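Architecture at a glance
So the chains spell out like this:
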Amino acid sequence: MRINRTAAAAAVLAMAGAFLAAGPAQAAGSAPKGDGAKAICKRLPKTQERIDKALTRLNGDATVEGSVARLQQRVDNAHKEGHAEIEKYLNDRLTFRRSLLPTLQTRKADLASVADWCAKNAPAAGK
């Protein structure tokens with residue numbers, strides 16, 4: 001019984017060493033072969049839909065969950081109640097959420113030009 005445990009432990013260590021040694025070699029040898037245009041064009045409609053949905057949510061009024069206005073209302077409520085720690089936490093979230101708007105608007109504009117490119121070049125149109 002003792003021999004089997006020793007042999008099993010040695011085998012596990014040998015396999016672990018082989019996986020560790022092979023990991024960096026595989027990662028270094030797997031450089032991208034293209035720019036991924038086909039995949040980007042294929043996913044474009046869903047990506048545009050997701051960005052539009054996020055922008056609609058962020059620009060919503062105080063009744064829309066996830067909107068900037070709703071989080072601003074929560075910050076104001078925390079301020080009125082005198083909950084300084086909650087106000088600071090929510091205000092930090094509000095700052096981040098506001099920073100998402102220009103990023104998403106830029107991505108939306110970028111995707112519009114990508115859509116034009118995909119329509120002209122059609123790397124994934126019928127595939």
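Given the structure is predicted, the values throughout are model-derived calculations rather than measurements. (Residues numbered from 1 in each chain as written. Predicted model: local features only at pLDDT ≥ 70, side-chain atom pairs only at ≥ 80, totals over all residues. Heavy atoms only, no water.)

Side chains of residues three or four places apart in an α-helix project in the same direction, reflecting 3.6 residues per turn. With 22 residues, helix H2 (residues 37-58) should reach 32 Å at 1.5 Å per residue; the first-to-last C-alpha distance of 29 Å fits that figure. The complete set of buried residues in H2 reads Ala 37, Cys 41, Leu 44, Thr 47, Ile 51, Ala 54, Leu 55 and Leu 58. Looking at the buried residues of H2, the elements they touch are helix H3 (68-81) and helix H4 (84-121). (Helix = DSSP H or I, 4+ residues; strand = E, 2+ residues; numbered from the N terminus. Expected span 1.5 Å × (residues − 1). Buried < 20%, exposed > 50% of the residue type's maximum accessible area, 1.4 Å probe, protein only. Contact = heavy atoms within 4.5 Å.)

A cluster of basic residues, Lys 38, Lys 42, Arg 43 and Arg 50, forms a positive patch at the surface. Tracing the sequence through the fold places Lys 42 in helix H2. (Patch = residues over 30% accessible without salt bridge, like charges linked within 9 Å, V, L, I, M, F, W, Y side chains within 5 Å. Areas by Shrake-Rupley, 256 points an atom, 1.4 Å probe, with all protein chains shown as cover. Salt bridge = Lys/Arg side-chain N within 4 Å of Asp/Glu carboxyl O. Lys, Arg positive; Asp, Glu negative; His and termini not counted. Charge placed at Lys NZ, Arg CZ, Asp CG, Glu CD.)

Here the focus is the environment of Thr 56. Within the secondary structure layout, Thr 56 lies in helix H2. Linking Thr 56 and Ser 67, residues eleven residues apart in sequence, is a C-alpha distance of 8.4 Å.

With that settled, the discussion passes to the state of the cysteines. Counted according to the given criterion, the structure contains one disulfide. Note on cysteine connectivity: Cys 41 is disulfide-linked to Cys 118, with sulfurs 1.8 Å apart. With the S-S bond torsion at -80°, the cross-link from Cys 41 to Cys 118 turns out left-handed. Of the two residues, Cys 41 is situated in helix H2 and Cys 118 in helix H4; the sequence distance between them amounts to 77 residues. Look at Cys 41 and you get buried, because its relative accessible area is 14%. Judged by its relative accessible area of 11%, Cys 118 falls in the buried class. (Disulfide = S-S within 2.5 Å.)

Among the nonpolar cores identified, the biggest contains 15 residues, and Ile 51, Leu 55, Leu 58, Val 68, Leu 94, Leu 101 and Leu 104 are the most heavily contacted of them. Leaving out residues up to four positions away in the same chain, Leu 104 has contacts with Ile 51, Ala 54, Leu 55 and Leu 58. (Core = buried A, V, L, I, M, F, W, Y, C linked by side-chain atoms within 4.5 Å.)

The subject of this paragraph is the environment of Arg 97. Relative to the assigned elements, Arg 97 resides in helix H4. Along the backbone, Arg 97 and Val 68 are 29 residues apart, and their C-alpha atoms lie at a distance of 6.6 Å. Beyond its immediate chain neighbours, meaning those up to four positions away, Arg 97 contacts Leu 58, Gly 66, Ser 67, Val 68 and Leu 71.

Next up on the list: the environment of Arg 74. Structurally, Arg 74 is set in helix H3. A relative accessible area of 40% places Arg 74 in the partly exposed class. With 17 residues separating them along the chain, Arg 74 and Asn 91 place their C-alpha atoms 9.0 Å apart. If we skip the residues at most four places from it in the chain, Arg 74 touches Leu 90 and Arg 93.

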